[in-house]
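What follows is each chain in one-letter form.
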Amino acid sequence: MFKIGDKVACPPHGVGVVEGKEEREVGGKKVIYFRISLVGKSMSILVPEESIENSGIRPVLSEERIEEIFNYLSEIPTNISEKWTVRHRLNVDRLKTGDIKELATVVRNLSYRSKEKELSYSEKRMFEEAFGKLAEEIALSLGEPVKKVKQKIRKILKGVKKP
């Protein structure tokens with residue numbers, strides 16, 4: 001369970017910090033909520049305590065896990081479908097999972113694909129959204145500016161070349 005001050009990833013909203021717990025009455029029943037303030041957005045979300053485990057909310061990455069993700073981003077992707085509809089469906093499904101490696105897969109694969117052929121408008125938007133979420137989570141975890149993390153990720157992706 002989370003504590004006040006914990007840094008968390010909240011798919012599909014981004015990352016945030018647990019601000020506190022609140023009790024509210026819903027349908028005549030008292031419900032306890034976690035209030036999570038989203039980083040980089042002037043909003044917070046309320047998540048019922050009883051459904052927090054099934055919400056996909058998880059602690060942000062550890063430094064060890066971040067290194068794994070950076071290494072993963074530097075790998076040459078395999079099996080990227082040539083068919084736009086197949087790629088798009090796979091990437092949408094990956095983003096829905098809330099799993100950080102799936103998010104990194106979308107970033108890596110779309111970045112790699114963009115070196116071969118210009119991405120469609122939809123894929124560009126998907127890349128920017130996934131890239132931003134990945135950078136925000138790493139930045140929050142490391143306590144670094146998002147801009148600095150984005151530069152590091154871009155440098156890693158730029159170094160991935162065709163064999």
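Residues numbered from 1 in each chain as written. Predicted model: local features only at pLDDT ≥ 70, side-chain atom pairs only at ≥ 80, totals over all residues. Heavy atoms only, no water.

**Description of helix α1 (residues 63-73)**
Now for step 1: Among all positions of α1, only I66, I69, F70, Y72 and L73 are buried. Seen end-on, α1 carries its buried residues on one side only, within an arc spanning 160°. (Buried < 20%, exposed > 50% of the residue type's maximum accessible area, 1.4 Å probe, protein only. Helix = DSSP H or I, 4+ residues; strand = E, 2+ residues; numbered from the N terminus. Arc of directions from axis to C-beta.)

**Focus on the sheet that holds strand β1 (residues 7-10)**
Now for step 1: What the five strands build is an open sheet, ordered β4-β3-β2-β1-β5; its pairing is antiparallel. With partners counted over all chains shown, the strands left at the sheet margins are β4 (44-48) and β5 (58-59), one partner each.
Now for step 2: Pairing of β1 with β5 involves two bridges; the strand directions are antiparallel. Note that in β5 the partner of A9 across the bridge is R58.
Now for step 3: Packed onto the sheet, helix α4 (residues 121-142) meets β1, β2 (14-26) and β5 and runs at close to 90° relative to β2. (Pairing = 2+ DSSP bridges. Contact = heavy atoms within 4.5 Å. Axes fitted to C-alpha atoms, helices over the stretch in contact; angles between N-to-C directions.)

**With respect to the nonpolar core**
Now for step 1: Ranked by size, the top nonpolar core spans 26 residues in total, and within it L73, V107, L134, I138 and I153 carry the most contacts.
Now for step 2: Contributions of two or more residues to this core are made by α1, α3 (100-116), α4 and α5 (146-158).
Now for step 3: The leading source of residues in this core is α4, at eight residues.
Now for step 4: If you look at the next biggest cluster of nonpolar residues, it comprises eleven residues, including F2, V8, C10 and I36. (Core = buried A, V, L, I, M, F, W, Y, C linked by side-chain atoms within 4.5 Å.)

**Describing the pairing of β1**
Now for step 1: As paired strands, β1 and β2 are joined by four bridges and run antiparallel to one another. Counterpart to C10 in the pairing with β2 is G14.
Now for step 2: Hairpin connection of β1 to β2: three residues between the antiparallel strands.

**Some points on the confidence of the model for the protein**
Now for step 1: For the protein, per-residue confidence averages 91 on the pLDDT scale, and residues scoring 70 or more make up 99% of the total.
Now for step 2: The weakest mean pLDDT in the protein belongs to helix α2 (residues 84-97) at 90; the strongest belongs to α5 at 96. (pLDDT = per-residue confidence, 0-100.)

**Re the side chain of N109**
Now for step 1: Within the secondary structure layout, N109 lies in helix α3.
Now for step 2: A distance of 3.2 Å separates a polar atom in the side chain of N109 from a polar atom in the side chain of R108.
Now for step 3: The contact partners of N109, leaving out residues within four places of it in the chain, are P77, I80 and R94. (Polar contact = N/O pair within 3.5 Å; in protein donor to acceptor, adjacent residues only side chain to side chain.)

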